[in-house]
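Fold and geometry: a report
The chain contents come next:
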Amino acid sequence: MKPGYEWADDLLYDGFDPSLWLLAERSGHLAGAALCRFRDVEGRSAGEVCQLAVGREHRRLGIGRALLLSAFALFAERGAVSVGLDVGSESPTGAHLLYARAGMSVTVSIGQFERELPTGVRAEE
């Protein structure tokens, strides 16, 4: 799980609402977090799960799903019509499977292109 200070730069912004940050505790230790915010989607209020993280030693216990479902309920109580999040299609944790089991579906797919470059070759001057 990322340290909190790494999230702070991305998440402390105008409209920041710490009541949308959900924490999961297990045996007196932080086990996971869902850091959320509201956003506008085509003029409608929507929720966004900006970061969902569960510590390695706490995975496969339902904590991620519980955080997601809690976020959905929180957003619904506050009038959001949908909830979204972004995830890499090749997430090594299999996060996309968790999201699908929580009832979410892919709405946009983005490709990333890469090319390996030869070593030792200098740009022409």
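One can find the structure itself at the top, above this paragraph.
Presented here is a report on the structure given in the accompanying data block. As the structure is a prediction and not an experimental result, all values here were calculated from the model.

For the rest of this paragraph, the subject is the pattern of salt bridges. Counting across every chain of the model gives two salt bridges. Among the salt bridges present, the one from Asp17 reaches Arg78, with a minimum N-O distance of 3.2 Å. Separated by 61 residues along the polypeptide, Asp17 in the loop between helix H1 (4–11) and strand S1 (21–26) and Arg78 in the loop between helix H2 (63–77) and strand S4 (83–84) bring together distant segments of the chain. With relative accessibility at 38%, the residue Arg78 sits in the partly exposed group. A salt bridge links Glu48 to Arg37, with the nearest nitrogen and oxygen atoms 2.8 Å apart. Of this pair, Glu48 sits in strand S3 (residues 44–54) while Arg37 sits in strand S2 (residues 29–41), placing them 11 residues apart in sequence. For Arg37, a relative accessible area of 29% corresponds to the partly exposed category.

Time to look at the sheet that holds S3. If you trace the four strands from one edge of the open sheet to the other, you get S1-S2-S3-S4, paired in mixed fashion. Edge strands, defined here as strands with exactly one partner in the open sheet, are S1 and S4. In terms of strand pairing, S2 meets S3 through 10 bridges, oriented antiparallel. When the sheet's bridge partners are listed, Cys36 is paired in S3 with Val49. Those strands touched by H2 are S1, S2, S3 and S4, and its axis lies near 160 degrees from that of S3.

We now examine the nonpolar core. In this structure, Cys36, Leu67, Leu68 and Tyr99 are the most contacted members of the largest nonpolar core, which totals 21 residues. If you list the elements that add at least two residues to this core, you get S1, S2, S3, H2 and helix H3 (95–101). The greatest single-element share of this core, amounting to six residues, is contributed by H2. Sequence-distant contacts of Tyr99, defined by excluding residues within four places in its chain, comprise Leu52, Leu68, Leu85, Val87 and Met104.

Now for the pairing of S2. Two elements, S1 and S2, share six bridges in a ladder whose sense is antiparallel. Bridged to Leu23 within S2 is Ala33. With antiparallel pairing between neighbouring strands as the criterion, S2 and S3 make up a hairpin whose turn holds two residues, including Glu42 at a positive phi of roughly 50 degrees.

Quick look at the side chain of His58 now. Tracing the backbone through its elements, the reader meets His58 in the loop between S3 and H2. According to the relative accessible area criterion, His58 is buried, its value standing at 7%. Separated by 3.4 Å, the side chains of His58 and Glu57 make a polar contact.

Here we take up the packing of aromatic side chains. Taken as a whole and assessed by the stated rule, the structure comprises two aromatic pairs. Both rings, one in Phe16 and one in Trp21, keep their centres 5.4 Å apart while their planes meet at 80 degrees; by these two values the pair is edge-to-face. Pairing Phe38 with Phe75 gives two aromatic rings, centres 5.1 Å apart and planes at 85 degrees, and the pair type is edge-to-face. On the criterion of sequence distance, the pair formed by Phe38 in strand S2 and Phe75 in helix H2 is long-range, its members being 37 residues apart.

Here is what the cut-offs are and how they apply
- Residues numbered from 1 in each chain as written.
- Predicted model: local features only at pLDDT ≥ 70, side-chain atom pairs only at ≥ 80, totals over all residues.
- Heavy atoms only, no water.
- Salt bridge = Lys/Arg side-chain N within 4 Å of Asp/Glu carboxyl O.
- Helix = DSSP H or I, 4+ residues; strand = E, 2+ residues; numbered from the N terminus.
- Buried < 20%, exposed > 50% of the residue type's maximum accessible area, 1.4 Å probe, protein only.
- Pairing = 2+ DSSP bridges.
- Contact = heavy atoms within 4.5 Å.
- Axes fitted to C-alpha atoms, helices over the stretch in contact; angles between N-to-C directions.
- Core = buried A, V, L, I, M, F, W, Y, C linked by side-chain atoms within 4.5 Å.
- Polar contact = N/O pair within 3.5 Å; in protein donor to acceptor, adjacent residues only side chain to side chain.
- Phe/Tyr/Trp six-rings, centres within 6.5 Å; stacked < 30°, edge-to-face > 60°.

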